[in-house]
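Here's the letter readout for the chains.
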Amino acid sequence: MNERFGAYSRETGETRVAVEIGLDGSGAAAVDTGYGFADHMLNLLAFWAGFDLKLTCRGDLEVDAHHSLEDVAICLGEAFRQALGDRAGIARVGLAKVPMDEALCEVVVDLSGRAYLVYRENVLPPVIAGEEKDVWREFFKSFCHSARANLHIHYEYGQNGHHLVEAAFKALGLALRRATAVEGARVPSTKGSLD
Ligand SMILES: [Mn+2]
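These numbers come from a predicted model, not from an experiment.

J.: Residue-level account of helix 1 (residues 36–49), with values.
T.: Each α-helix winds once per 3.6 residues, and so residues spaced three or four apart point in a common direction. Here helix 1 contains 14 residues, and its C-alpha end-to-end distance of 20 Å stays within 8% of the 20 Å for a straight helix at 1.5 Å per residue. Phe37, Ala38, Asp39, Met41, Leu42, Leu44, Leu45, Ala46 and Ala49 are the residues of helix 1 that are buried. Those residues of helix 1 that are buried are in contact with strand 3 (29–32), strand 4 (52–59), helix 2 (66–84), strand 8 (127–128), helix 3 (134–147) and helix 4 (161–180). Gly50 occupies a position one or two residues after helix 1 and carries a positive phi of about 75°.

J.: Mind laying out the pattern of salt bridges, listing which residues take part and the relevant values?
T.: Here the idea is simple: oppositely charged side chains can pair when their charged atoms come close. Tallied over the full model, the rule gives twelve salt bridges. In this structure, Asp71 and Arg10 form a salt bridge, with 3.1 Å as the shortest nitrogen-oxygen distance. Here Asp71, found in helix 2, pairs with Arg10, found in strand 1 (residues 5–11); they are 61 residues apart in sequence, far enough to count as distant. With relative accessibility at 27%, the residue Arg10 sits in the partly exposed group. We note a salt bridge from Glu138 to Lys141, for which the minimum N-O separation is 3.2 Å. With Glu138 and Lys141 both in helix 3, this residue pair falls three residues apart, about one helical turn. According to the relative accessible area criterion, Glu138 is buried, its value standing at 12%. Judged by its relative accessible area of 34%, Lys141 is partly exposed.

J.: How would you sum up unusual backbone geometry? Please name residues and give values.
T.: Positive phi values are uncommon outside glycine, yet Arg92 reaches one of about 80°. Along the chain, Arg92 turns up in the loop between helix 2 and strand 5 (93–100). The phi torsion at Asp101 lies on the positive side, around 50°, for a residue other than glycine. Looking at the element boundaries, Asp101 is found in the loop between strand 5 and strand 6 (103–110). Overall, Asp101 belongs to the exposed group, its relative accessible area being 61%.

J.: Explain the sheet that holds strand 7 (residues 116–120) residue by residue, including any values.
T.: In spatial order, the strands read 5-6-10-7; together these four strands make up an open sheet with mixed pairing. Edge positions in the open sheet fall to strand 5 and strand 7, since each of these has one partner strand only. Neighbour-to-neighbour, the strand axes of this sheet turn through a mean angle of 10°, independent of strand direction. Where strand 7 meets strand 10 (residues 150–157), five bridges bridge the pair, whose relative direction is parallel. Its bridge partner lying in strand 10, Val118 is registered against His152. Against the sheet, helix 4 touches strand 5, strand 6 and strand 10, its axis set at about 150° to strand 5.

Definitions and cut-offs
- Residues numbered from 1 in each chain as written.
- Predicted model: local features only at pLDDT ≥ 70, side-chain atom pairs only at ≥ 80, totals over all residues.
- Heavy atoms only, no water.
- Helix = DSSP H or I, 4+ residues; strand = E, 2+ residues; numbered from the N terminus.
- Expected span 1.5 Å × (residues − 1).
- Buried < 20%, exposed > 50% of the residue type's maximum accessible area, 1.4 Å probe, protein only.
- Contact = heavy atoms within 4.5 Å.
- Salt bridge = Lys/Arg side-chain N within 4 Å of Asp/Glu carboxyl O.
- Pairing = 2+ DSSP bridges.
- Axes fitted to C-alpha atoms, helices over the stretch in contact; angles between N-to-C directions.

These results come straight from atomic positions and should not be treated as a statement about function.
This is how it looks when you write it as structure tokens:
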């Protein structure tokens, strides 16, 4: 099949974001959001998913990372949705559970065309890499809305915030790798349509 590729860019009063994504890539990433921890997470996502990813963001980090992460996730989801096309032949559902030292996170994704986030984060510490933990809920919420995916993220246990979020991104990458894997030709829905 042809390579699945998507590109999306967006400029607002708060951020300027550009994303290019290839789903049938090698996991090579060039990411620059201005927030180092987010770059680290997005590099992991691309590597574990096997996606090629180019992403830049210039945002109002003098406020905090909230707008930047929200808008990066919106654009990433849009580019990803574009790359999926009509979703024909994909596995559709992907599940992964990944540890990072003492932390364990489970991610289940259904590329169903319906957006919904379930985010169980009781064990997350209030501050991770200098930002309130909730920037990551906003990130995942924005991603699954623009990608039109059903995403369940469960931080099962752990102490260190860096480790917990890292486990989530690795698990998300692996779950997306499995969900986007091409298994056949049919659109995987009894309704016959997912886009
Ligand atoms: Mn790390």
